[in-house]
Amino acid sequence: MTSLSVSADRDRAADLGDPLLSALNPQQRQAVLHEGGPLLIVAGAGSGKTRVLAYRIAWLLKHRKVAPGEIVAITFTNKAAGEMRERVTSLIGPRARAMWVSTFHSMCVRILRAHAKELGFTTSFTIYDKADSQRLMTLVARDLDLDPKRYPARSLVNQVSNLKNELIDEESYAPTNSAEKILAEAYRGYQRRLREANAMDFDDLIMTTVNLLQAFPEVGEHYRRRFRHVLVDEYQDTNQAQYVLVRELSGGAELCVVGDADQSIYAFRGATIRNIVEFERDYPQATTVLLEQNYRSTQTILQAANAVIACNSGRRPKNLWSDQGPGEPIQGYVADNEHDEAAWVAGEIGRLRDAEGLRPGDVAVFYRTNNQSRVFEEIFIRVGLPYRVLGGVRFYERREVRDALAYLKTIGNPADVVSLRRILNTPRRGIGQRAEACVEALASRERIPFPQALERCNEAPGINPRSVTSITEFTTMMAEFRSLAVDGAGPSGLLSALLDRTGYLSELQASTDPQDEGRVDNLNEMVSVAAEFEQQRPDGTLADFLEQVSLVADADEIPADAGPDDPQPGTILMMTVHTAKGLEFPVVFLTGLEEGIFPHMRTFGEPSELAEERRLAYVAITRAQRLLHISRAMTRTAWGQPSYNPQSRFLPEIPEGLVHWIRTEPSREQLYSGGQSAQARLASAALSRGGLRGGVGNRAVVALDVGDRVSHDAFGLGRVVETRGEGDKAEATIDFGSSGTKRLLLRYAPVEKL
DNA sequence: ACTCGGAAACTTTTT
DNA sequence: GTTTCCGAGT
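Definitions and cut-offs
- Residues numbered from 1 in each chain as written.
- Chains lettered and ligands numbered in written order.
- Predicted model: local features only at pLDDT ≥ 70, side-chain atom pairs only at ≥ 80, totals over all residues.
- Heavy atoms only, no water.
- Helix = DSSP H or I, 4+ residues; strand = E, 2+ residues; numbered from the N terminus.
- Buried < 20%, exposed > 50% of the residue type's maximum accessible area, 1.4 Å probe, protein only.
- Contact = heavy atoms within 4.5 Å.
- Areas by Shrake-Rupley, 256 points an atom, 1.4 Å probe, with all protein chains shown as cover.
- Salt bridge = Lys/Arg side-chain N within 4 Å of Asp/Glu carboxyl O.
- Patch = residues over 30% accessible without salt bridge, like charges linked within 9 Å, V, L, I, M, F, W, Y side chains within 5 Å.
- Near = heavy atom within 4 Å.
- Polar contact = N/O pair within 3.5 Å; in protein donor to acceptor, adjacent residues only side chain to side chain.
- Pairing = 2+ DSSP bridges.
- Axes fitted to C-alpha atoms, helices over the stretch in contact; angles between N-to-C directions.
- pLDDT = per-residue confidence, 0-100.
- Right-handed = clockwise from strand over helix to strand, strands pointing away.
- Phe/Tyr/Trp six-rings, centres within 6.5 Å; stacked < 30°, edge-to-face > 60°.
- Core = buried A, V, L, I, M, F, W, Y, C linked by side-chain atoms within 4.5 Å.
- Left-handed = near helix turned anticlockwise from the far one by under 90°.
- Nonpolar A, V, L, I, M, F, W, Y, C, P; charged D, E, K, R; others polar.

Counting its secondary structure elements, chain A contains 31 helices and 21 strands. Looking at chain A residue by residue over its 754 residues, the buried ones come to 52%. A sequence separation of at least 24 residues applies to 73% of the contacts in chain A between residues at least 6 apart. On chain A, roughly 34000 Å² of surface is accessible, and the fraction owed to carbon and sulfur atoms is 49%.

In this section: the pattern of salt bridges. This structure, assessed with the given rule, holds 55 salt bridges. Arg281 is the partner of Glu278 in a salt bridge, and the nearest nitrogen-oxygen pair spans 3.1 Å. Of the charged contacts in the structure, one is a salt bridge between Arg359 and Asp362, with a shortest N-O distance of 2.8 Å. One salt-bridge network, in which partners are shared between bridges, spans Lys49, Asp233, Glu234, Asp237 and Lys581.

What follows covers a nonpolar patch on the surface. Judged by side-chain polarity, Met601, Phe604 and Trp639 come together as a nonpolar surface patch covering roughly 400 Å² of accessible area. Turning to its location among the elements, Trp639 is positioned in the loop between β14 (624-638) and β15 (641-644).

Close to DNA strand C lie Arg374, Trp639 and Gly640, which account for all nearby residues. In the environment of DNA strand C, a phosphate oxygen lies 3.3 Å from a nitrogen or oxygen atom belonging to the side chain of Arg374.

Another point: the sheet that holds strand β8 (residues 287-291). Reading across from one edge, β3-β2-β6-β7-β1-β8 is the order of the six strands in this open sheet, with parallel pairing throughout. Among the strands making up the open sheet, the edge pair consists of β3 (100-103) and β8. With direction set aside, neighbouring strand axes in the sheet form an average angle of 15°. Relative to strand β7 (residues 254-259), strand β6 (residues 229-232) is paired through four bridges, and the arrangement is parallel. Bridge pairing in β7 links His229 to Glu254. Here helix α4 (residues 49-63) sits on the sheet and contacts β1 (39-43), β2 (71-75), β6, β7 and β8; the angle it forms with β7, its principal contact strand, is near 165°.

This next bit is on the side chain of Asn337. In this structure, Asn337 sits in strand β9 (residues 330-337). Judged by its relative accessible area of 5%, Asn337 is buried. Reaching out from Asn337, the side chain makes a polar contact with the backbone nitrogen of His339 at a distance of 2.9 Å.

What follows concerns the confidence of the model for chain A. Residue-level pLDDT values for chain A average 87, and 85% of them are 70 or greater. Taken element by element, the predicted model of chain A shows its lowest mean pLDDT in helix α1 (residues 3-16) (49) and its highest in strand β13 (residues 585-590) (98). Low pLDDT, under 50, characterises residues 1-7; the stretch is placed with seven contacts to residues that sit more than four places away or in other chains. Throughout residues 684-700 the model reports pLDDT below 50, and contacts reaching past four residues in sequence, or to other chains, amount to 18 contacts.

Let us look at unusual backbone geometry. Note the cis peptide between Thr426 and Pro427, where omega equals -5°. Here Pro427 shows up in the loop between α20 (417-423) and α21 (433-446). Each neighbour pair has its own omega, and for Phe598 with Pro599 the value is 10°, a cis peptide bond. Tracing the backbone through its elements, the reader meets Pro599 in the loop between β13 and α29 (607-621). Positive phi outside glycine occurs at Glu234, with the angle close to 50°.

Residue pairs spaced three or four apart in an α-helix point in one direction, given the helix's 3.6 residues per turn. Where burial is concerned, most of helix α3 (residues 26-33) is hidden: six out of the eight residues are buried. Among the residues of α3, the N-terminal cap falls to Asn25, whose side-chain oxygen and the backbone nitrogen of Gln27 are separated by 3.1 Å.

The next thing to look at is helix α13 (residues 240-249). Extensive coverage of α13 is indicated by the burial of eight of its ten residues. Of the positions making up α13, those classed as buried are Ala241, Gln242, Tyr243, Val244, Leu245, Val246, Glu248 and Leu249. The backbone nitrogen of Ala241 has a side-chain oxygen 3.0 Å away, supplied by the residue at the start of α13, namely Asn239.

Looking at the secondary structure, you find Ala732 in strand β19 (residues 731-735). Ala732 sits in the buried class, given a relative accessible area of 0%. Sequence separation between Ala732 and Leu53 is 679 residues; the distance between their C-alpha atoms is 56 Å.

Glancing now at the pairing of β3. Bridge count for β2 against β3 is four bridges, and the pairing is parallel. Bridge pairing in β3 places Val72 opposite Trp100. The parallel pair β2 and β3, bridged by helix α5 (residues 78-92), forms a crossover whose chirality is right-handed.

Further remarks concern the packing of aromatic side chains. This model, assessed by the stated rule, comprises 16 aromatic pairs. An angle of 20° between the planes, with centres 6.2 Å apart, marks the rings of Tyr223 and Phe227 as stacked. Judged by its relative accessible area of 5%, Tyr223 falls in the buried class. Their ring planes at 75° and their centres at 5.1 Å tell us that Phe395 and Tyr396 sit as a pair that is edge-to-face. Taken as a pair, Phe395 and Tyr396 share a single burial class, namely buried. Three or more aromatic residues joined by ring pairs form one cluster here, namely Trp100, Tyr223 and Phe227.

This part is about the environment of Tyr295. Position of Tyr295 relative to the elements: it lies in the loop between β8 and α16 (299-309). The exposure class of Tyr295 is partly exposed, given its relative accessible area of 41%. For the pair Tyr295 and Asp323, spaced 28 residues apart in sequence, the C-alpha separation works out to 8.1 Å. Excluding residues within four positions of it along the chain, Tyr295 makes contact with Asn25, Gln28, Gly46, Ser47 and Gln324.

Another aspect to go through is the nonpolar core. By size, the foremost hydrophobic cluster in this structure holds 74 residues, and its most contacted members are Met137, Leu408, Ile463, Phe474 and Phe545. Those residues in contact with Phe474 that sit more than four places away from it in its chain are Leu420, Ile423, Leu424, Arg429, Ile431 and Leu454. The next biggest cluster of nonpolar side chains, apart from the first, holds 41 residues, and it includes Ile111, Ile206, Val219 and Phe279.

We now examine the side chain of Ser106. Here Ser106 lies in helix α6 (residues 104-114). Look at Ser106 and you get buried, because its relative accessible area is 16%. Here Thr103 takes part through its side chain, which lies 2.8 Å from a polar atom of the side chain of Ser106.

As a further point, take the pairing of β7. Burial analysis of β7 places six of its six residues in the buried class, which makes it a mostly covered element. Judged from the four bridges that link them, β1 and β7 form a sheet pairing that is parallel. Bridge assignment links Ile41 to a residue of β7, and that residue is Val258.

On to the packing of helix α11 (residues 202-215) against α13. Relative to each other, α11 and α13 sit at 35°, their axes nearing to 9 Å. Crossing angle aside, the handedness with which α11 passes α13 is left-handed. Every residue of α13 that contacts α11 at Ile206, Thr209, Val210, Leu213 and Gln214 is listed here: Ala241, Gln242, Val244, Leu245, Glu248 and Leu249. Looking at the contact of α11 with α13 residue by residue, the classes come out as seven nonpolar, three polar and one charged.

Next up, the structure:
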């Protein structure tokens, strides 16, 4: 669209006098008003993407005579879907409820449930998550007598997942070598078992929907006729299967996709950046709108982000800008080690709190990998700063919760063998491996499904009569639960009944393990979740409940935005950079900027993976609104051994003038004089006693020369290849043979000269 | 049938 | 260093 027509649109908006448009900048307005061909909105970080999507939908409903039922808006997260629905509702009222605003996966479940029969499933099919899939694949691999060392179930599941993301089903997969032939066999066995279990895994939800739309033309036609507008959020995160799904759905619709190639950080899950990069080739009639004005950060922060991402080659140039002015410089810190880094972060937060009333809730700490959170937790506890770690073990991944859900799944879908086998002997009721194997043998001999073999367990060859009794008791109990469900017991009633009747709850309550107390709490929470579900959806079925639980990772992990006037101090949020995507914070600490950490060691070999690490850095930087801190540690304990890491390549990519370095790489004199580090200051300030690790960094330095043979606690025997520096800074490059060649800072490395 | 101990692994994870 | 999984022992 030309700028001429933009101004024409603006005039029309003025004519209409609609306040919807006055809150938008010209590019945003163009995106909202665009009519006709496919639309690509390239939305830089913080450029008001969600607002544009919501306003566009509101505009469609209000001014273009589009009915809510003719719109489908697809997101990746439930949170994004919820936010979008809420924003549209606040713009145009409750009419918005008839729209389809959902995640890829829940949209697909909705379609699949409606057509389950055609596909050979019942409407209450079970959705398997990664853990379920892995258990199922373990069964398949055992069936095929695969060596679990050479073909771990984990790896097979991942490979199958990749194939499904490429829409290659088990029939069309053409193996070309022996390893692939094994994979093909595993794939077929896995799909057969899924069908027998009346279950689909996450990737099936997408692939099967595509197959459905393509194999049943009248079904595809139905949805193409229904949807006049298809909108897709975070388009850079779509994989091949989702790409085709969107194509199939939008055949008769106006398509609008929003995304930012520079924020594509999920390639490892199958997302392919090509979908957004090649949008204009896929859809030659496409119009592209570029949103570059940022409403989140200071110009300083944006300049840093722009400079770093510009180092990626082959990208569409984009220049984020802000009218907020330069703001404060970025604060940089080079720490001695990860404890010192954490101490600096803690000290800085304390200082900002005292000096300018910063609330902990305004602060976020980012790191590349989860294990980096520990040192921060330690120091925050010690100095008394309130914090929360995002993204640990999730509620629905806890053992007791999964057990309870497995009961519900087995009740709702008797064919679900993975859930059935999970609870068969949980809590312990004397049905061990031996008994299970006997039933399994019966199943394969009679060529009947496992649940049926369980019913006929007395026929199982070589089974212990005591096991038969236990199994009969178990199957009777499950039948009772099913009749409870048939008689109208809701999920919460069923849950309470089974937790009680199975003895699961009483076993936990009787336990002396302190962890089990929390498990009881979690199960109570589970019952509350179920009760809440019944209240919200009185006619919701057990399958509906299980669907919600399977497709909603965690409802409210991130506390609602408090806002600057909130008297609540809030808590510091700690998370990986991946988790931070889509969030924003007044003050951000981006930590661990070291080669091997960020960018991660595993990405070194692959330029495309390094480019993704850089995008990750870009995402991290653009989360900061007002003040960004960046830091790195000279040495860091990894896998129990200290290692020296040079600065991250991303650091020198930030223009020098933007960063104020509080502390740089210490000179030798400073190292000798000891002081100056945040860790040392914190220790001398006597914030606590005894907690600081005295051992680290105080090792006597071994004098080494090239050619010396050494022994290392972890790496074993090695030979010195090169030495550099002296005193506390002395390093040596040592070839450990099969353990690889390492560069070690001798002050820290546990090496002995032989 | 269960428990304990040693070996091995070990990025990121919206569904 | 920490966690997870498998196998041997009780």
